[in-house]
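So the chains spell out like this:
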Amino acid sequence: MKAFWVTLVTVFLAELGDKTQLAALMLAAREKRFLPVFAGAALALVLASAVGVAAGRFLGDLLPVKLLRLLSGTIFILLGIFMLWGKI
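Residues numbered from 1 in each chain as written. Predicted model: local features only at pLDDT ≥ 70, side-chain atom pairs only at ≥ 80, totals over all residues. Heavy atoms only, no water.

Draft legend 1. Seen up close, the overall build of the chain. Counting its regular elements, the chain contains four helices and zero strands. Counting helices and strands in the order they occur from the N terminus, the chain gives α-α-α-α. The C-alpha radius of gyration of the chain comes to 16 Å, more than 25% above the 12 Å expected for a compact globule of 88 residues. Taken over the C-alpha atoms alone, the chain extends approximately 45 × 40 × 20 Å along its principal axes. Counting all 88 residues of the chain, 2% fall into the buried class. Accessible area of the chain: about 7800 Å², with a carbon and sulfur share of 78%. (Helix = DSSP H or I, 4+ residues; strand = E, 2+ residues; numbered from the N terminus. Rg over C-alpha atoms; globule rule 2.2 N^0.38 Å. Buried < 20%, exposed > 50% of the residue type's maximum accessible area, 1.4 Å probe, protein only. Areas by Shrake-Rupley, 256 points an atom, 1.4 Å probe, with all protein chains shown as cover.)

Draft legend 2. Quick look at the confidence of the model for the chain. Put simply, the chain has an average pLDDT of 91, and 99% of its residues get 70 or more. Across the chain, the element-wise mean pLDDT spans from 89 in helix H1 (residues 2–15) up to 93 in helix H3 (residues 34–62). (pLDDT = per-residue confidence, 0-100.)

Draft legend 3. Highlighting the packing of aromatic side chains. In total, this model carries three aromatic pairs according to the counting rule given. Between Phe34 and Phe38, the ring centres sit 5.5 Å apart and the planes meet at 5°, which makes this aromatic pair stacked. Taken as a pair, Phe34 and Phe38 lie in helix H3 at a separation of four residues, close to a single helical turn. On the accessibility criterion, Phe34 (63% relative accessible area) is exposed. (Phe/Tyr/Trp six-rings, centres within 6.5 Å; stacked < 30°, edge-to-face > 60°.)

Draft legend 4. Here's a closer look at unusual backbone geometry. At Lys32, a residue that is not glycine, the phi angle is positive and equals roughly 55°. Structurally, the position occupied by Lys32 is in the loop between helix H2 (19–31) and H3. The exposed category is assigned to Lys32, whose relative accessible area is 70%.

Draft legend 5. A look at H2. With 13 residues, H2 should cover 18 Å at 1.5 Å per step; its first-to-last C-alpha distance of 18 Å lies within 8% of that length. Just downstream of H2, Lys32 is the residue with a positive phi angle, here 55°. (Expected span 1.5 Å × (residues − 1).)

Draft legend 6. Seen up close, the pattern of salt bridges. Taken as a whole and judged by the stated rule, the model has two salt bridges. Of the charged contacts, one joins Arg57 and Asp61 as a salt bridge, the two residues approaching to 2.9 Å between their closest N and O atoms. Remark: Asp61 and Arg57 occur in helix H3; sequence separation between them is four residues, near one turn of the helix. Each member of the pair, Arg57 as well as Asp61, is classed as exposed. (Salt bridge = Lys/Arg side-chain N within 4 Å of Asp/Glu carboxyl O.)

Draft legend 7. Seen up close, the side chain of Asp18. Mapped onto the elements of the fold, Asp18 is located in the loop between H1 and H2. Within the structure, the side chain of Asp18 is placed 2.9 Å from the backbone nitrogen of Gln21, a separation counted as a polar contact. (Polar contact = N/O pair within 3.5 Å; in protein donor to acceptor, adjacent residues only side chain to side chain.)

Right under this line is the structure:
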């Protein structure tokens, strides 16, 4: 049960104010419809999370957790740098 709550809080805080939330905000403002935009955004987040969890489960069996943390942290930093440079 601890993994559930840690994941819930971590993902919720990470998603606040990100590009996905801003895109949903803009779509809701443009379409003036709550339920279809909410359902689409929620399903997209569920599917994206499923891909991440499946990849983590698969890679967690292949790689040590320490290496996996190093790789994911490096990718996160590189994506941030590319975003700052306007490459993404």
